[in-house]
Amino acid sequence: MYSNPKIIIINGPNLNLLGKREPEYYGNRTLNDIKESCIEYAAKKNIELMFEQSNDESTIIEMIQAASENDGIIINAGAYTHTSIAIHDALKSSKSPAIEVHLSNIHKREEFRHKSYISGVVDGIIIGLGDQGYTLAIDAVTKIMNERNS
Ligand code: DQA
């Protein structure tokens, strides 16, 4: 069993506006509310969790590059999901287990959201389940980390 697992949750552009931004898609909770829930959830499982947000593509790429192969990555890249070959390449080069999360069901929305540059280079995808997607992703990535290290 792998000890001291570390997970980084990376949130992309405009997710800092959760709570006021299109609540019909993203709910009423702020990113800070979600952060607190995730940290509490992870702490109960003895997992060290980092929860980050950036509106900047290069910062997101640096966070992916900084994760070690034993760390788990959970990423909601926001609109960069649909545009960023650079984030695709960073995840492809990364050896960390990774899960893609979206609060809203991107396949029920505009066509430009149906394409994800990330889905093909991550271990799994959790889409459309609101903020519970993050805690589901913590469980999923932890399981992959444990399996890889057992
Ligand atoms: C999102 C979906 C994206 O299409 C959008 O650009 C976001 C949020 C989601 O969590 O549902 O910023 O990633």
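Refer to the structure above for everything that follows.
Definitions and limits used
- Residues numbered from 1 in each chain as written.
- Predicted model: local features only at pLDDT ≥ 70, side-chain atom pairs only at ≥ 80, totals over all residues.
- Heavy atoms only, no water.
- Core = buried A, V, L, I, M, F, W, Y, C linked by side-chain atoms within 4.5 Å.
- Buried < 20%, exposed > 50% of the residue type's maximum accessible area, 1.4 Å probe, protein only.
- Helix = DSSP H or I, 4+ residues; strand = E, 2+ residues; numbered from the N terminus.
- Contact = heavy atoms within 4.5 Å.
- Near = heavy atom within 4 Å.
- Polar contact = N/O pair within 3.5 Å; in protein donor to acceptor, adjacent residues only side chain to side chain.
- Areas by Shrake-Rupley, 256 points an atom, 1.4 Å probe, with all protein chains shown as cover.
- Nonpolar A, V, L, I, M, F, W, Y, C, P; charged D, E, K, R; others polar.
- Pairing = 2+ DSSP bridges.
- Axes fitted to C-alpha atoms, helices over the stretch in contact; angles between N-to-C directions.
- Parallel < 35°, antiparallel > 145°, perpendicular 65-115°, else oblique.
- Right-handed = clockwise from strand over helix to strand, strands pointing away.

Draft legend 1. Representation of the nonpolar core. One finds I7, I9, C38, I74, Y134 and I138 to be the most contacted residues of the largest nonpolar core, which totals 23 residues. Of all the elements in the fold, those that place two or more residues in this core are β1 (6-11), α2 (31-44), β2 (48-53), β4 (98-102) and α5 (132-149). Per element, the largest residue contribution to this core is 6 residues, and it comes from α5. Not counting chain neighbours up to four residues away, the residues in contact with I9 comprise C38, L49, M50, F51, E52, I74, Y134 and I138.

Draft legend 2. Fine view of the site of the ligand. The environment of the ligand is made up of P13, R21, Y26, N76, G78, A79, H82, H102, L103, S104, I106 and R113. Between R21 and the ligand, the recorded distance is 3.0 Å, taken from a side-chain N or O atom to an oxygen atom. The protein chains hide 99% of the 320 Å² of surface that the ligand would expose on its own. Grouping the amino acids of the shell around the ligand by side-chain chemistry returns 5 nonpolar, 5 polar and 2 charged.

Draft legend 3. Looking closely at the sheet that holds β4. The strand order β2-β1-β3-β4-β5 describes an open sheet built from 5 strands, whose pairing is parallel. Edge positions in the sheet fall to β2 and β5 (124-127), since each has one partner strand and no second. The average undirected angle you get between the axes of adjacent strands in this sheet is 15 degrees. With 5 bridges connecting them, β1 and strand β3 (residues 72-76) associate as parallel partners. The residue bridging N11 from the neighbouring strand is N76, located in β3. Contacting β1 and β2, α2 crosses the sheet at an angle of about 165 degrees to β2.

Draft legend 4. Examining the packing of helix α3 (residues 57-66) against helix α4 (residues 85-93) more closely. Axis separation between α3 and α4 bottoms out at 9 Å; the angle between their running directions is 5 degrees. It follows that α3 is roughly parallel to α4 by the angle criterion. Each of E57, I60, I61 and I64 in α3 lies in contact with α4, whose residues at this interface are A86, I87, A90 and L91. In terms of residue class, the contact of α3 with α4 is made up of 7 nonpolar, no polar and 1 charged.

Draft legend 5. Seen up close, the side chain of T142. With respect to the element layout, T142 can be found in helix α5. Contacts of T142, omitting those with residues within four sequence positions, involve I7 and I47.

Draft legend 6. How the structure looks around the pairing of β4. Buried residues dominate β4, accounting for 5 of its 5 residues. Of the two faces of β4, the one lined by A98, E100 and H102 and the one lined by I99 and V101 are each fully buried. When β3 meets β4, the two strands line up parallel, connected through 3 bridges. In the sheet register, I75 faces β4, and the bridge partner there is E100. What joins β3 to β4 is α4, and the crossover it makes is right-handed. With 4 bridges joining them, β4 and β5 adopt parallel strand pairing. Residue pairing across strands places E100 opposite I125, the latter belonging to β5.

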